[in-house]
Amino acid sequence: MKAQALRRGDLISLIEPSSAPATVERIENAVLYFESLGYRVTIGKHVMEPRGYLAAPDPLRLRDLHDAFANKNVKAIFFIRGGYGSIRLLPEINYELIRRNPKILVGYSDATALFAGLRKQIGFSSAFLGPMPGVDIWNGFDEFAEDNFWRALTSVKPLGELPLKRGEAKILNKRTTSKSASGKLIGGNLTVFSSICGTPYQPLLKNAMLAFEDVDERPYRIDRYFAQLRAMGAFENASAILLGQFSDCDAEKGKPSLTLEEVFQDYFGKLKIPVITNLPFGHIQRQWTMPYGARYTIKITNGVTKLFVSDAVLR
């Protein structure tokens, strides 16, 4: 069930299964960007019909999602932004429609719930954790992110080694300085992923390479989510753990707290599997585009970490 790689002239659909973009300008600028590269763009009919913190009522957001997958001309579907709301759609999604019409699907943050649900329900393999038009693209695309974005979405071969600056990846548990590991990448935004654990939309975690990031969460909340995952046995069954950027996840000033680094050490410091931190994914401009559910391989040699995508996910 592989989607086609993107080619110039293809039709891209911008939809919003979560919260509405801040302004129409963000959508307009994103459209101009894609069109300047030779792509055509269609926009979901209900991306800005807000109901509270949602982009539109559930049935309308769901309709845009179904319409994008049903449209034979659409080759890729992008979340305009994250926010909240995709988990509300999971019980009503027409999974058979999506299984019959695999397409590239890109987003992060709240997209985590949809990616996890599609992975569990139908083994969907063309989702990518990556930049969103209304957040990362509309007002100047980071060069590193842009290069990774188009390489991931236009390649029919495995992506191979993901680029890292020297010293960027940090090994949390030093006992892994000469190890390798492989597994299918599962995870995404920690808060959102925790919300689907124990539901029919939680992907299988055994032997998975777990990847987590978050934004605007205090250390005690990060602690809470990790405690839940540990109690489920997620960490003891994982092949490796990748930690991205936890943006603005500092303790509240004047209140007693563990640091984020102390939370990481408490949960991962004694694990015997590779645990790598400070990786370029999450709520940041400089980010990878990562195939969700693909097989990844970590190689650690003399304290230097390299991460490879081993699977071809597009045709």
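For clarity, every value in this text was computed on a predicted model and none was experimentally measured.

Okay, the overall build of the protein chain next. Within the protein chain one finds nine helices and 14 strands. Computed over the C-alpha atoms, the radius of gyration of the protein chain is 19 Å, within 12% of the 20 Å expected from 2.2 N^0.38 for a compact globule of 315 residues. Counting only C-alpha atoms and orienting by the principal axes, one finds that the protein chain spans roughly 50 × 45 × 35 Å. For the protein chain, with 315 residues in total, the buried portion stands at 57%. Expressed as a percentage of contacts within the protein chain between residues at least 6 apart in sequence, the contacts between residues at least 24 apart total 80%. In the structure as shown, the protein chain presents an accessible area of about 13,500 Å², 48% of it carried by carbon and sulfur atoms. Charge centroids of the protein chain, computed over 41 positive and 32 negative side chains, lie 8 Å from each other.

Pairs can form between side chains of opposite charge once their charged atoms are near each other. Going through the model one piece at a time under the given rule, you end up with seven salt bridges. Of the charged contacts, one joins E96 and R99 as a salt bridge, the two residues approaching to 2.5 Å between their closest N and O atoms. Separated by three residues within a single helix, E96 and R99 lie in helix α3 (residues 95-100), roughly one turn from each other. In this structure, a network of salt bridges that share partners links the residues D58, R61 and R88.

What follows deals with the sheet that holds strand β14 (residues 304-309). An order of β6-β14-β13-β8-β9-β10-β11-β7 is seen for the eight strands of this open sheet, with the pairing classed as mixed. With one partner strand each, in any of the chains shown, β6 (160-161) and β7 (170-171) form the two edges of the open sheet. Where strand β8 (residues 180-189) and strand β13 (residues 295-301) come together, five bridges link them in antiparallel fashion. Directly across from A181, in β13, lies its bridge partner I298. Contacts between helix α9 (residues 260-268) and the sheet are confined to β10 (240-247) and β11 (275-277), with β10 contributing the most and set at about 165° to the helix.

On to the pairing of β14. The alternating pattern of β14 places T305, L307 and V309 on a buried face, while none of V304, K306 and F308, on the opposite face, is buried. Bridge count for β6 against β14 is two bridges, and the pairing is antiparallel. When the sheet's bridge partners are listed, G160 is paired in β14 with V309. The turn linking β13 back onto β14 is made up of two residues, and N302 within it adopts a positive phi angle of 50°.

As a further point, take unusual backbone geometry. Backbone geometry at N207 places phi at a positive 65°, although glycine is not the residue there. Counting through the fold element by element, N207 comes out in the loop between α7 (190-196) and β9 (209-215). If you check the backbone angles, N278 has positive phi at about 65° while not being a glycine. By the element assignment, N278 lies in the loop between β11 and β12 (290-291). On the basis of relative accessible area, N278 is assigned to the partly exposed category, the value being 29%.

With 108 residues, the main nonpolar core has F34, F226, F235 and F268 as its most contacted residues. With seven residues, the top contributor of residues to this core is helix α4 (residues 111-122). Non-local contacts of F235, meaning those with residues more than four positions away in its chain, are made with L210, F212, F226, L229, R230, I241, Y267, F268, L271 and I273.

Spatial strand order, β2-β1-β3-β4-β5-β12: six strands in an open sheet with mixed pairing. The sheet is open, and its two edges are formed by β2 (40-43) and β12, each paired on a single side. The sheet contacts of helix α1 (residues 24-36) involve β1 (11-15), β2 and β3 (74-79), and relative to β2 the element is tilted by about 155°. Lying over the sheet, α4 contacts β3, β4 (104-107) and β5 (127-129), oriented at roughly 145° with respect to β4.

Over its 13 residues, α1 runs 19 Å from end to end, which matches the ideal 18 Å to within 8%, given 1.5 Å per residue. All of the buried residues in α1 are I27, A30, V31, Y33 and F34. When α1 is viewed along its axis, its buried side chains cluster within an angular range of 160° and face the same direction. Opposite the buried face of α1, by more than 90 degrees, sit the exposed residues L32 and S36. Each element contacted by the buried residues of α1 is listed here: β1, β2, β3, α5 (133-137) and α6 (143-154). G38 sits one or two residues past α1 and shows a positive phi near 95°.

Definitions and cut-offs
- Residue positions within a chain follow its written sequence, with the count starting from 1.
- In keeping with the predicted nature of the model, local features appear solely for residues at pLDDT of at least 70, side-chain atom pairs appear and are counted solely at 80 or more, and the whole-chain, interface and lining totals rest on all residues.
- Each side-chain value is derived from all of the structure's non-hydrogen atoms; neither hydrogens nor water enter the calculation.
- Only DSSP runs of H or I with at least four residues qualify as helices, and only runs of E with at least two residues qualify as strands; both kinds are numbered from the N terminus onward.
- Within these notes, the globule rule equals 2.2 Å times the number of residues to the 0.38 power, and the radius of gyration is based on C-alpha atoms.
- Burial classes follow relative accessibility: with a 1.4 Å probe on protein chains only, a residue under 20% of its type's maximum area counts as buried, one over 50% as exposed, and anything between as partly exposed.
- Should any heavy atoms of two residues lie within 4.5 Å, those residues are considered in contact.
- Note that accessible areas follow from Shrake-Rupley with a 1.4 Å probe, and for residues the cover is restricted to the protein chains shown.
- Residues scored as charged are limited to Lys and Arg (positive) and Asp and Glu (negative), so that His and the chain ends carry no count.
- Here the site of a charge means atom NZ of a Lys, CZ of an Arg, CG of an Asp or CD of a Glu.
- By definition here, a salt bridge exists when the distance from a side-chain nitrogen of Lys or Arg to a carboxyl oxygen of Asp or Glu is within 4 Å.
- Pairing between strands is defined by DSSP: at least two bridges between the two strands are required.
- Axis lines are fitted to C-alpha atoms, over the contacting stretch for helices. Their N-to-C directions set the angle, which ranges from 0 to 180 degrees.
- Among buried residues, those of type Ala, Val, Leu, Ile, Met, Phe, Trp, Tyr and Cys that are joined through side-chain atoms within 4.5 Å constitute a nonpolar core.
- The length a helix should cover is 1.5 Å for every residue beyond the first.
- An arc is given here, and it is the one of the directions from the helix axis to the C-beta atoms.

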